Amino acid sequence: MRWLAAALSLMASAVLAQEPSWLLVAPQRVVAGQRFEVIVVAPPDEALPDELTLRVQVDSVELSIPARAQAVAHGSRRRYGATMPLRAGGPATLSLSEYDSNAIALVIARGDAMQRLTGREQAAEEPPLSEQDPVYFVLGAHQGANARFQLSFKYRLFDPSTGFGAQRPWLVGFYFGYTQTSLWDLSADSKPFHDTAYRPSFFWKWERFDEQTWVDGARLGFEHESNGQAEDLSRSINTLFVRPEWRWSVGRGGTLEFTPKIYAYLSTQENPDIASYRGYVDWRVRHDAGGQWITTAVARAGTAGKGSVLVDMSRRTRDVRVGPVGGYLHLQYFNGYGESILDYNVRRPWQLRVGLAIVP
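Analysis parameters
Residues numbered from 1 in each chain as written. Predicted model: local features only at pLDDT ≥ 70, side-chain atom pairs only at ≥ 80, totals over all residues. Heavy atoms only, no water. Helix = DSSP H or I, 4+ residues; strand = E, 2+ residues; numbered from the N terminus. Buried < 20%, exposed > 50% of the residue type's maximum accessible area, 1.4 Å probe, protein only. Contact = heavy atoms within 4.5 Å. Areas by Shrake-Rupley, 256 points an atom, 1.4 Å probe, with all protein chains shown as cover. Pairing = 2+ DSSP bridges. 1 Å grid on protein atoms, 1.4 Å probe; cavity = no way out; pocket = protein on both sides within 12 Å on 5 of 7 lines; lining within 4 Å. Points joined across faces, edges and corners; volume = space filled by probe spheres on them. Phe/Tyr/Trp six-rings, centres within 6.5 Å; stacked < 30°, edge-to-face > 60°. Lys NZ or Arg CZ within 6 Å of the ring centre and 35° of its normal.

**With respect to the overall build of the protein**
Okay, so step 1: From N to C terminus, the protein includes four helices and 22 strands.
Okay, so step 2: Here the protein holds 360 residues, and 50% of them are scored as buried.
Okay, so step 3: Pairs at least 24 apart in sequence give 57% of the contacts found in the protein among residues at least 6 apart.
Okay, so step 4: Here the protein has roughly 17400 Å² of accessible surface; of this, 57% comes from carbon and sulfur atoms.

Okay, structure coming up:
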């Protein structure tokens, strides 16, 4: 398909793009509500302004922070001061808003009692409703379920500033999550949905607040997954899961995450042999190359030697925005068994899809 070739060519061109012309140097750890300094290096023949704007990307939300020069420029270098907003927290990327610069991976820490219990809590300022898994729409060229889209969010159950959340800070770590993944057969005459997986969950989230803890974060909870069908087409499972999280700074402002999701099946009546195809762990690795290219791979290895691999690649584009959220060109590859819960024991042809993502 011509559109698919064009999209792949566009994403390949982005990889070969030249390095950012402005250079940003910043600390790797900043405390919410406190001042911090950065160094900006301008390209030749470019003037360094007295004021500029920093862009902070926390998950899918972008924050703009004014920064003011702290001294006169020394050649092409100048030091700027800014204050990190109280509502920011956790892993983030920092870049220049008005100029094409590199992105710095940093951790925004909170200094209150809430941080000791829930780590990245975003305490009083985090929106109750936020993203959870990637949100995207992608389309492939193969026959069958060639389109796939996913919606996902999480909702914090207790307000940290009032009621039980203020009295018992550990409760603020409880969330309700929901993810919906649909496979859509656009090659068929009536263009039916092949299958949809509905995954509500209830979990407790924690992230570390010091440098000594051996794990960066964890989630513990319960998840239900079903396709909402009846009789022979019905599929559902209930699981208990724990997801430890490790993060490292790599390359030029990049981050690497390893977040395996380990689960135990509570009920599998409609698909008793699902562990043969899924196993008991979703092995997940995510690389963020300075907020530009983001690559995520999830692999499953079943107990019968059957499994699957899902690879998502997203490239930020400044021309696509949904409100305050930036858009991404999205490339997805799937191969193996069980792309949907209906086909948990079926291996269909591999799929390469291209589209757009809001949350990569």
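**Comments concerning the pairing of strand E13 (residues 193–207)**
Okay, so step 1: Where strand E12 (residues 174–184) meets E13, 11 bridges bridge the pair, whose relative direction is antiparallel. Following the sheet pairing, Trp-184 is matched in E13 by Phe-193.

**Some thoughts on empty space enclosed by the protein**
Okay, so step 1: Enumeration over the complete set of coordinates arrives at three cavities of 30 Å³ or more.
Okay, so step 2: The calculated volume of the largest cavity comes to roughly 860 Å³.
Okay, so step 3: Along its surface, the largest cavity is lined by 38 residues, and Asp-133, Arg-199, Asp-282, Val-298 and Arg-300 are the ones closest to its centre.

**Here's the deal with the packing of aromatic side chains**
Okay, so step 1: Taken as a whole and assessed by the stated rule, the structure comprises 18 aromatic pairs.
Okay, so step 2: With a centroid separation of 6.0 Å and 75 degrees between ring planes, the pair formed by Phe-149 and Phe-193 is classed as edge-to-face. Highlighted residues: Phe-149 in strand E11 (residues 147–156) and Phe-193 in strand E13, separated in sequence by 44 residues.
Okay, so step 3: Joined through ring pairs, the aromatic side chains of Phe-137, Phe-149, Trp-184 and Phe-193 make up one cluster.
Okay, so step 4: Stacked on the ring of Phe-241, the Lys or Arg Lys-261 has its end atom at 4.8 Å from the ring centre.

Honestly, that's just the spatial picture; any functional story needs more than this.
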